[in-house]
Amino acid sequence: DYIEKPVSLAELTSITHAAFRESTQHNFFPLKLDAPQDIKLTDREAEILLLLAKGFQYSEIGQHLDCKTSTVQWHIKNVYRKLDVSSKSEAIYEAICLELIDIT
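As the structure is a prediction and not an experimental result, all values here were calculated from the model.

Draft legend 1. Focus on the overall build of the protein chain. A tally of helices and strands in the protein chain yields five helices and zero strands. For the protein chain, the sequential pattern of α-helices and β-strands runs α-α-α-α-α. Within the protein chain, buried positions represent 29% of all 104 residues. Taking the intrachain contacts of the protein chain between residues at least 6 apart in sequence as the baseline, contacts between residues at least 24 apart amount to 59%. As displayed, the protein chain has an accessible area near 7,300 Å², and 53% of this comes from carbon and sulfur atoms.

Here you go:
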C-alpha cells in the first residue's frame, strides 16, 4: 500500500494501525512467542519511548524532560532489556503490540 501526500494525522494513524494489524495476522513481524506478557515499563520509560515513537531525538527528549541525554540513554537501555530488543524501531513496535504505549 502507499500513502498519498498530503496526509492528515488521523489518516496516517488509521493506515498505520491497519498495517500493524495486517502484519501480525500474516506473521510479517510476529511478536516474540516467548515474550512475557506482563512486561512493565516505568512511567518514565513509557514516556521516553512514546517521545521516541513521535520522532524526538535523545537530546530533544532530555530537554523536554529536563534531564541529561545520558539519563535518556540509560532509560532506553532498560527498555531494550525489558523488551528483549536491540533497536529503537523494534522497541517501539513491541511496545505498541504489547499495548505499553499508545501512539494515537
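Draft legend 2. Local environment of a nonpolar patch on the surface. Judged by side-chain polarity, Ile3, Val7, Leu9 and Leu12 come together as a nonpolar surface patch covering roughly 330 Å² of accessible area. Structurally, valine 7 is set in the segment before α1 (9-25). You can call valine 7 partly exposed: its relative accessible area is 33%.

Draft legend 3. Representation of the pattern of salt bridges in the model. Tallied over the entire structure, the rule returns two salt bridges. Residues glutamate 47 and arginine 44 are paired through a salt bridge, measuring 3.7 Å at the closest nitrogen-oxygen approach. With glutamate 47 and arginine 44 both in helix α2 (residues 43-53) and three residues apart, the pair spans about one turn of that helix. In this structure arginine 44 comes out as partly exposed when scored by relative accessible area, which is 33%. Ionic pairing is found between lysine 82 and glutamate 45, a salt bridge with its closest N-O pair at 2.7 Å. Of the two residues, lysine 82 is situated in helix α4 (residues 69-83) and glutamate 45 in helix α2; the sequence distance between them amounts to 37 residues. Residue classification places lysine 82 among the partly exposed residues on the basis of a relative accessible area of 25%.

Draft legend 4. Fine view of helix α3 (residues 58-65). Among all positions in α3, only Ile61, Gly62 and Leu65 are buried. Buried residues of α3, seen end-on, are gathered within an arc of 100 degrees and therefore sit on one face of the element. Every exposed residue of α3 that faces more than 90 degrees away from the buried side is listed here: Gln63 and His64. Tucked inside the fold, the buried residues of α3 contact α2 and α4. Aspartate 66 sits one or two residues past α3 and shows a positive phi near 55 degrees.

Rules and cut-offs
Residues numbered from 1 in each chain as written. Predicted model: local features only at pLDDT ≥ 70, side-chain atom pairs only at ≥ 80, totals over all residues. Heavy atoms only, no water. Helix = DSSP H or I, 4+ residues; strand = E, 2+ residues; numbered from the N terminus. Buried < 20%, exposed > 50% of the residue type's maximum accessible area, 1.4 Å probe, protein only. Contact = heavy atoms within 4.5 Å. Areas by Shrake-Rupley, 256 points an atom, 1.4 Å probe, with all protein chains shown as cover. Patch = residues over 30% accessible without salt bridge, like charges linked within 9 Å, V, L, I, M, F, W, Y side chains within 5 Å. Salt bridge = Lys/Arg side-chain N within 4 Å of Asp/Glu carboxyl O. Arc of directions from axis to C-beta.

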